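# Reading the structure
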Amino acid sequence: MRRFEQKVVLVTGAASGIGRATVERLAEEGATLACLDVQADAVEEVAAAARQAGVEARAWVCDVADQSDVARVVGEVVEAFGRFDVLCNIAGIMRTSHSHEVPREQWDLVIGVNLTGTFLVTEACLPHLLESRGNIVMAASTSSLSGHPYMLAYAASKGGILSMTYTLAVEYAKRGLRVNAVAPGGIETPLSAATGAMLPPDSDWSLFGRISPVDQNRGPDTVASTIAFLASDDAAHVNGEYVRVDGATLA
Ligand SMILES: NC(=O)c1ccc[n+]([C@@H]2O[C@H](COP(=O)([O-])OP(=O)(O)OC[C@H]3O[C@@H](n4cnc5c(N)ncnc54)[C@H](O)[C@@H]3O)[C@@H](O)[C@H]2O)c1
């Protein structure tokens, strides 16, 4: 499938995990790619691999939580490629704590990157996406939909991302913009690999069965293929929707 020929796609969090797999998948499908991340070397490698795969791709170092950084980079992307059609808001971080002990800095950091960062990138991209009648895919989570112990700020940020998805979809549907989300769970990435070690030492492990896939964890390509569907014209009538990619966790 080459559903993204002539399409310019901006991916945040492109250096690792689901963002990286999204760049790889969209490169296979012919997209021109703007790859954004805070990890300079890794994001450059991802863009270089996409070019190797035969598409136009460039890397930008960009902190999604920094409004001026975001405005500058989005301006540079439009200047470089002349337009853009799809925004994949994938950048995110995880921190954990007992919910009665969340340090204020942890709350501000997680909300700042995951929720405010998603808002800032979306805000900067909206005029261009309205012009191209494009679409946005958000990285929500099963924690947008169900209780995730010890992840209070993270879950709140992901719930907010889903609320943003619905509001944007309704507000701009008549102008031809679509906004959807993936809600992954149990995806093997550096973020999920680090989560176990981050949990409070006295965590109640019996609580994790209810937020784990029924069969097995899977790799980020399973989320990337869902993102590619939502971002493509195959999903032309899918708007304001989320798709769980969680191996039946919440079924
Ligand atoms: N892995 C899972 O099981 C899972 C489940 C649900 C949702 N998600 C969500 O999917 C998204 C990707 O997660 P992942 O598992 O691939 O994690 P990951 O850590 O592999 O990738 C996240 C990427 O975001 C980048 N990033 C972090 N802060 C940034 C910032 N301020 N500005 C720009 N880039 C920044 C990181 O450098 C990294 O490259 C996240 O939003 C995460 O919350 C993941």
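Given the structure is predicted, the values throughout are model-derived calculations rather than measurements.

Looking now at the site of the ligand. Ser16, Ile18, Asp37, Tyr154 and Thr189 are the nearest of the 28 residues found near the ligand. Between an oxygen atom of the ligand and a main-chain N or O atom of Gly17, the distance comes to 3.5 Å. Here Lys158 contributes a side-chain N or O atom positioned 2.8 Å from an oxygen atom of the ligand. Contributions of two or more residues to the shell around the ligand are made by helix 1 (17-28), helix 5 (152-172) and helix 6 (190-198). By residue number, the principal contributor to the shell around the ligand is helix 6, which donates three residues. Residue composition of the shell around the ligand, grouped by class: 16 nonpolar, nine polar and three charged.

Another aspect to go through is the environment of Val182. Mapping Val182 onto the fold places it in strand 6 (residues 178-184). Owing to a relative accessible area of 1%, Val182 belongs among the buried residues under this scheme. C-alpha separation for the pair Val182 and Arg25, spaced 157 residues apart in sequence, amounts to 15 Å. Not counting residues up to four positions away in its chain, the partners in contact with Val182 are Val137, Met138, Ala139, Ala140, Ser141, Val223, Thr226, Ile227, Leu230 and Val243.

Packed helix pairs are specified by the crossing angle of their axes together with the interaxial distance, meaning the distance between the axes. Where helix 3 (residues 67-81) meets helix 4 (residues 104-132), the closest approach of the two axes is 9 Å, and the angle between their N-to-C directions is 30 degrees. When the interaxial angle is binned, helix 3 and helix 4 end up roughly parallel. Pair helix 3 / helix 4 crosses with right-handed handedness. Residue-level contacts link Gln67, Val70, Val74 and Val78 of helix 3 to Leu120, Val121, Glu123, Ala124, Cys125 and His128 of helix 4. Considering only residue class, the contact of helix 3 with helix 4 consists of seven nonpolar, two polar and one charged.

Our focus in this paragraph is helix 7 (residues 221-231). When we look at burial in helix 7, the residues that qualify are Val223, Ala224, Thr226, Ile227, Ala228, Leu230 and Ala231. Residues of helix 7 that are buried in the fold lie against helix 1, strand 4 (86-89), strand 5 (135-139), strand 6 and strand 7 (242-245).

Grouped burial of nonpolar side chains is what soluble globular proteins tend to show. Residues Leu10, Val77 and Phe84 are the most contacted members of the largest nonpolar core, which totals 45 residues. Looking at this core, the elements that each hand over two or more residues are strand 1 (8-12), strand 2 (32-37), helix 3, helix 4, strand 5, helix 5 and strand 6. Apart from the residues lying within four places of it in its own chain, the contact partners of Val77 are Leu10, Ala34, Leu36, Trp60, Gly82 and Phe84. Ala57, Val86, Ile187 and Leu230 belong to the second-largest nonpolar core, a separate cluster that totals 33 residues.

So, about the sheet that holds strand 1. The parallel open sheet is built from seven strands, whose spatial order is 3-2-1-4-5-6-7. Looking at which strands have only one partner, the edges of the open sheet turn out to be strand 3 (57-61) and strand 7. On average, adjacent strands in this sheet sit at an angle of 15 degrees to one another, irrespective of strand direction. Sheet topology places strand 6 next to strand 7; four bridges connect them, and they run parallel.

For the pair helix 1 and helix 2 (residues 40-52), interaxial distance at closest approach is 9 Å and the crossing angle is 15 degrees. As judged from the angle between their axes, helix 1 and helix 2 are roughly parallel. Read as a crossing pair, helix 1 and helix 2 show a hand that is right-handed. Where helix 1 abuts helix 2, its residues Arg20, Val23 and Ala27 lie against Glu45, Val46 and Ala50. For the contact of helix 1 with helix 2, the residue count by class is four nonpolar, no polar and two charged.

Rules used throughout
Residues numbered from 1 in each chain as written. Predicted model: local features only at pLDDT ≥ 70, side-chain atom pairs only at ≥ 80, totals over all residues. Heavy atoms only, no water. Near = heavy atom within 4 Å. Polar contact = N/O pair within 3.5 Å; in protein donor to acceptor, adjacent residues only side chain to side chain. Helix = DSSP H or I, 4+ residues; strand = E, 2+ residues; numbered from the N terminus. Nonpolar A, V, L, I, M, F, W, Y, C, P; charged D, E, K, R; others polar. Buried < 20%, exposed > 50% of the residue type's maximum accessible area, 1.4 Å probe, protein only. Contact = heavy atoms within 4.5 Å. Axes fitted to C-alpha atoms, helices over the stretch in contact; angles between N-to-C directions. Parallel < 35°, antiparallel > 145°, perpendicular 65-115°, else oblique. Left-handed = near helix turned anticlockwise from the far one by under 90°. Core = buried A, V, L, I, M, F, W, Y, C linked by side-chain atoms within 4.5 Å. Pairing = 2+ DSSP bridges.

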